[in-house]
Amino acid sequence: MKKQFFGSTKVGHYIVKGLSFFVISICASQCFAQSSADTNRTSNFQYLKMFNSVFEFVQQNYVDEVDPKVLYEGALKGMMEAFDDPYTSYLDEATMRDLSDTTKGNFGGVGLSISKPVESKPNKPAYVQVEAPIDDTPGAKAGILSGDYITEIDGKSTVQMTMQDVLSVLRGEVGKSVTLTILRGKSLTFKVELVRALIEVPTVKYGMIDSTGYCRIIQFTPDTPARVQNAIDFFEKNKYKNLIIDLRDNPGGLITSVSEIADKFIDNGPIVSTKSRLSYENSVFKASSANTKVKNIPIVVLINQGSASASEILSGALKDNHLAYLVGKRTYGKGSVQQIIPLSDSEQIKMTMARYYTPSDTNIDKIGIPPDLEVAYPDFTEEETAAYKELMDTNEIADYVESHPDMSEEQIADFASQLGKKYSLNQKLLRRLVRIQVNRTKPTALYDLDYDIQLNAALDVLKNTKDFKKLVASTKTLKELQIEAEKKKAIEEKASE
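Residues numbered from 1 in each chain as written. Predicted model: local features only at pLDDT ≥ 70, side-chain atom pairs only at ≥ 80, totals over all residues. Heavy atoms only, no water.

1. So, the pairing of strand 18 (residues 348-357)
Strand residues, when the strand is regular, have side chains that alternate between the two faces of the sheet. Counting buried residues in strand 18 gives seven out of ten residues, a clear majority hidden from the surface. Relative to strand 18, strand 1 (residues 89-91) runs antiparallel, the two being bridged by three bridges. By the bridge assignment for strand 18, Tyr90 is matched with Ile349. Here strand 13 (residues 269-275) pairs with strand 18 via three bridges, running antiparallel. When the bridges of strand 18 are listed, Thr274 appears paired with Tyr356. Sheet topology note: the strand 17 (residues 336-342)/strand 18 ladder contains seven bridges and is antiparallel. Bridge pairing links Pro342 to Gln348 in strand 18. (Buried < 20%, exposed > 50% of the residue type's maximum accessible area, 1.4 Å probe, protein only. Helix = DSSP H or I, 4+ residues; strand = E, 2+ residues; numbered from the N terminus. Pairing = 2+ DSSP bridges.)

2. A few points about the confidence of the model for the protein
Across the protein, pLDDT averages 87, with 89% of residues at or above 70. Note on residues 1-35: pLDDT under 50 across the span, and 66 contacts to partners over four residues away in sequence or across chains. (pLDDT = per-residue confidence, 0-100. Contact = heavy atoms within 4.5 Å.)

3. Here's the deal with the pattern of salt bridges
According to the stated counting rule, one finds 19 salt bridges in the structure shown. For Lys205, the salt bridge identified is with Asp136, shortest N-O distance 2.8 Å. Taken together, the positions of Lys205 in strand 10 (residues 204-209) and Asp136 in the loop between strand 4 (128-133) and helix 6 (138-141) put the pair 69 residues apart, joining distant regions of the chain. Between Lys319 and Asp372 there is a salt bridge, and its shortest N-O distance comes to 2.5 Å. Taken together, the residues span a long stretch of sequence, with Lys319 in helix 10 (residues 310-320) and Asp372 in the loop between strand 18 and strand 19 (373-374) at a distance of 53 residues. Since its relative accessible area comes to 1%, Lys319 is described here as buried. (Salt bridge = Lys/Arg side-chain N within 4 Å of Asp/Glu carboxyl O.)

4. Things to note about the packing of helix 8 (residues 224-237) against helix 9 (residues 255-262)
Two numbers describe how helix 8 lies on helix 9: the axes approach to 9 Å, and their chain directions differ by 25°. As far as their axial angle goes, helix 9 and helix 8 are roughly parallel. Between helix 8 and helix 9 lies a crossing whose hand is right-handed. Residues Thr224, Pro225 and Val228 of helix 8 lie in contact with helix 9, whose contacting residues are Ser257, Glu260 and Ile261. A class-by-class count of the residues in the contact of helix 8 with helix 9 yields three nonpolar, two polar and one charged. (Axes fitted to C-alpha atoms, helices over the stretch in contact; angles between N-to-C directions. Parallel < 35°, antiparallel > 145°, perpendicular 65-115°, else oblique. Left-handed = near helix turned anticlockwise from the far one by under 90°. Nonpolar A, V, L, I, M, F, W, Y, C, P; charged D, E, K, R; others polar.)

5. Observations regarding the sheet that holds strand 10
Through backbone hydrogen bonds, the strands of a sheet pair up, either in parallel or in antiparallel fashion. Reading across from one edge, 10-11-12-15-16-19 is the order of the six strands in this open sheet, with mixed pairing throughout. Each of the sheet's edge strands pairs with one partner strand only, and the pair in question is strand 10 and strand 19. Two strands pair when backbone bridges link them, and strand 15 (residues 299-303) and strand 16 (residues 325-328) are joined in this way by four bridges, in the parallel orientation. Each bridged residue has a counterpart across the sheet, and for Ile303 the counterpart in strand 16 is Gly328.

6. Remarks on the side chain of Lys334
Looking at the element boundaries, Lys334 is found in the loop between strand 16 and strand 17. Asp365 provides the closest opposite charge to the buried, salt-bridge-free Lys334, at an N-O distance of 6.8 Å. A distance of 3.0 Å separates a polar side-chain atom of Lys334 from the backbone oxygen of Ser336. Here Lys334 is in contact with Tyr87, Ser309, Glu312, Tyr356, Ile364 and Asp365, once residues within four sequence places are set aside. (Lys, Arg positive; Asp, Glu negative; His and termini not counted. Polar contact = N/O pair within 3.5 Å; in protein donor to acceptor, adjacent residues only side chain to side chain.)

7. Some details on the side chain of Thr385
Following the sequence through the fold, Thr385 ends up in helix 11 (residues 382-392). For Thr385, a relative accessible area of 16% corresponds to the buried category. Every residue in contact with Thr385, bar those within four places of it in the chain, is listed here: Ser187, Leu188 and Phe380.

8. Quick word on unusual backbone geometry
A negative phi angle is the norm for most residues apart from glycine, just as the trans form is the norm for most peptide bonds. Notably, Asp249 is not glycine yet its phi reads approximately 65°, a positive angle. Locating Asp249 in the fold gives a position in the loop between strand 12 (242-246) and helix 9. A positive phi angle, close to 55°, is found at Ser309, a residue other than glycine. Owing to a relative accessible area of 11%, Ser309 belongs among the buried residues under this scheme.

Here's what the structure looks like:
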């Protein structure tokens, strides 16, 4: 993490000097040292001179008196947004406070990892997107899924809201409620009332499914490698024969954390490399046989569209080394590395400094990692969409569960059967909706074999594959898949000429 601070940003013309010093110091740093063209250096100072002139002109001539801090923050926000990079941004004091709250885990919230585009497009409004629900939180217990959109919060459209606006509403006093309007797919919308709770993000959950060790990695933090090792120790104690690593809805985390975890499975060679135009940002994380903890164990990795960043590093490393078989849906596709650079005690910028590459030297940014076996939940028909919306707009499930506490699985199935006569929905889905309501006040179950078709598919692969080593050896690396896709695209383009 960068620790360099840049200049004064207090009041009046000092803010201009501070900003100039900040930008000039960057221009003189290694970031631009690699550019030897005199014309580029001349242009940099011309732009700085022009910016300073505009800054002073606006301050002196705008119809109302101007707070220089507003101009300063607006300029930095605009500079960071100019890259059209959702991971490069200016972090003001309020945003930093929210990030600090998240790190400490002592804030009231609804438990949703979210993202938001900077601006709306005609075919894609700037709704808040749910990257992943956090286990055992109000959002997860309400059945909100990764890929869902939040179109309204307490009746207010999220299109014009900034990320700070969204966070300030979703977070708040524990015990107070907030109502979200959820868009799922293209047309399914429904309202969900969530009561804020104390959010504490877990990192790893694990248990046995018969002779298969099941390890769900929720997020990559400094504590995650030790938690994964605890899981491995538990599996060994229970004499596991197979392993499922569940990375679904894992939004990522620290590259050092995921590299340490991958090293437990990979004997040698690169785990991940970072590449940049800046030489000091280029690095290779390598595996060592001395750190290998899991050998000769069939591994299936579960992925979906909520698997991003560090979770893609782990799944990509295991795939390229032919150590695991991937099941589920294509991952999110975040192949870049960010650093936080402090500007002062209360503000920072987050900037993309490098891109990461899998062991086969492949960058998956905006592409993602495809599964070896695709398993998708079926899309709703128009009739099912209408039925789901009708059901979600009622309190029918909540009222029934409240009047029938501690329902057994048999009772859940019976009530789901009753609901099926009224709503044209799959029985597995109805049982899941009832089960979620029954378990609202309980810790989230480690897995749901009744509903989870992807987990069941992973178990089937492990159970029915006679030669697992041969299976994973036959899969293609990400580089081979990328070359194959490029050739296919070239053929299609030539055919269309």
